[in-house]
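Examining the three-dimensional arrangement
One letter stands for each residue in the lines below.
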Amino acid sequence: MSQLDAVGSGDTTARADRHATGGVPVRRLTVLYDADCELCAFVREWLVRQPQLVPLVLVPAGSERARGLFPTLDHSATLADITVVGDGGQVYRGAGAWVVVLWALREHRPLAHRLSTPAGARVAKAAALAAAKWRGAQGGDHRRGRRVYRRPDGWSYDPSLGWIHSPPGCDSGACSTG
C-alpha cells in the first residue's frame, strides 16, 4: 500500500483502497510466516480469530505449499521477513506487509490507513524492527548455548554480540578478497 489521501468510511475509503492497489481489487492475501518462530505463530493464531474484510491465507514460509503457490519467489527471504502476496501478484515485505495485513482486517483497517502515511510508515517500520529484534533474540540456531538468528543475506543476530554480517558462501574462507 502506498500513501493514501483519503481515510474514512464508505465510498471514500473504497476509492482510496482501489487507488492503493493500482485499481485492481484485492480479493485474497497470502501471508507467508515462519512456522518455527514463536512470535510468528502467535500472530498467526491472532490473525485467524480476527474478522477479515479480505481473506487471509496463512502459509508457512519456505514450505512445499509456499513453493508450489509462488515458484518464482525467493523463499529464503520469506523466512527472514514477513511476506504477503496479493492475488494480483503484489508482493509486500517487512513493515509494508504488516500494514497490508492490518488493512485486510475489519477492526484494523483505519489503523492501516494511518500507518500508510509518511509519519505512520516510520511507526510501522519501528514496530517491524522491534519484532525482528525480539525474534532474532528468541530464534535461530544454537551456538555455544546462545540463540542466534541468521538471515539468508548473510546478517545474523547474536544477543551477546548484536548484528554481524558474513557474506553468504564465504564461511570457509575460500572467497576472494580482492
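Residues numbered from 1 in each chain as written. Predicted model: local features only at pLDDT ≥ 70, side-chain atom pairs only at ≥ 80, totals over all residues. Heavy atoms only, no water.

1. Some words on the pattern of salt bridges
For the structure shown, the criterion picks out 1 salt bridge. The partner of arginine 44 in a salt bridge is glutamate 45, and the shortest N-O contact between them spans 3.0 Å. (Salt bridge = Lys/Arg side-chain N within 4 Å of Asp/Glu carboxyl O.)

2. Some words on the nonpolar core
Grouped together as the largest cluster of nonpolar side chains are 26 residues, with contacts concentrated most on Leu29, Val31, Leu47, Leu56 and Val84. For this core, the element with the highest residue contribution is helix H5 (residues 94–104), accounting for 8 residues. Dropping the residues within four chain positions of it, valine 84 is found in contact with Leu29, Thr30, Val31, Gln90, Val91, Tyr92, Ala97, Val100 and Val101. (Core = buried A, V, L, I, M, F, W, Y, C linked by side-chain atoms within 4.5 Å. Buried < 20%, exposed > 50% of the residue type's maximum accessible area, 1.4 Å probe, protein only. Helix = DSSP H or I, 4+ residues; strand = E, 2+ residues; numbered from the N terminus. Contact = heavy atoms within 4.5 Å.)

3. As for helix H2 (residues 38–49)
In a regular helix each residue adds 1.5 Å, so 12 residues correspond to 16 Å; H2 covers 17 Å between its end C-alpha atoms and thus fits that length. When we look at burial in H2, the residues that qualify are Cys40, Val43 and Leu47. Axial view of H2: buried residues confined to an arc of 65°, hence all on one face. The exposed residues of H2 that point more than 90 degrees off its buried face are Glu38, Phe42 and Arg49. (Expected span 1.5 Å × (residues − 1). Arc of directions from axis to C-beta.)

4. A word on the pairing of strand E1 (residues 29–33)
The side chains of a regular strand alternate, residue by residue, between the two faces of the sheet. In terms of residue burial, E1 counts as a mostly covered element, since 5 of its 5 residues are buried. Burial of E1 is two-sided: the residues Leu29, Val31 and Tyr33 facing one way and the residues Thr30 and Leu32 facing the other way are all buried. Of the strand pairs in this sheet, E1 and strand E2 (residues 56–60) are connected by 5 bridges, and their pairing is parallel. Residue pairing for E2: threonine 30 is matched across the bridge by valine 57. Between E1 and its parallel partner E2, the chain crosses via H2, and the hand of that crossover is right-handed. Pairing geometry for E1 and strand E3 (residues 83–86), over 4 bridges, is antiparallel. Bridge assignment links valine 31 to a residue of E3, and that residue is valine 84. (Pairing = 2+ DSSP bridges. Right-handed = clockwise from strand over helix to strand, strands pointing away.)

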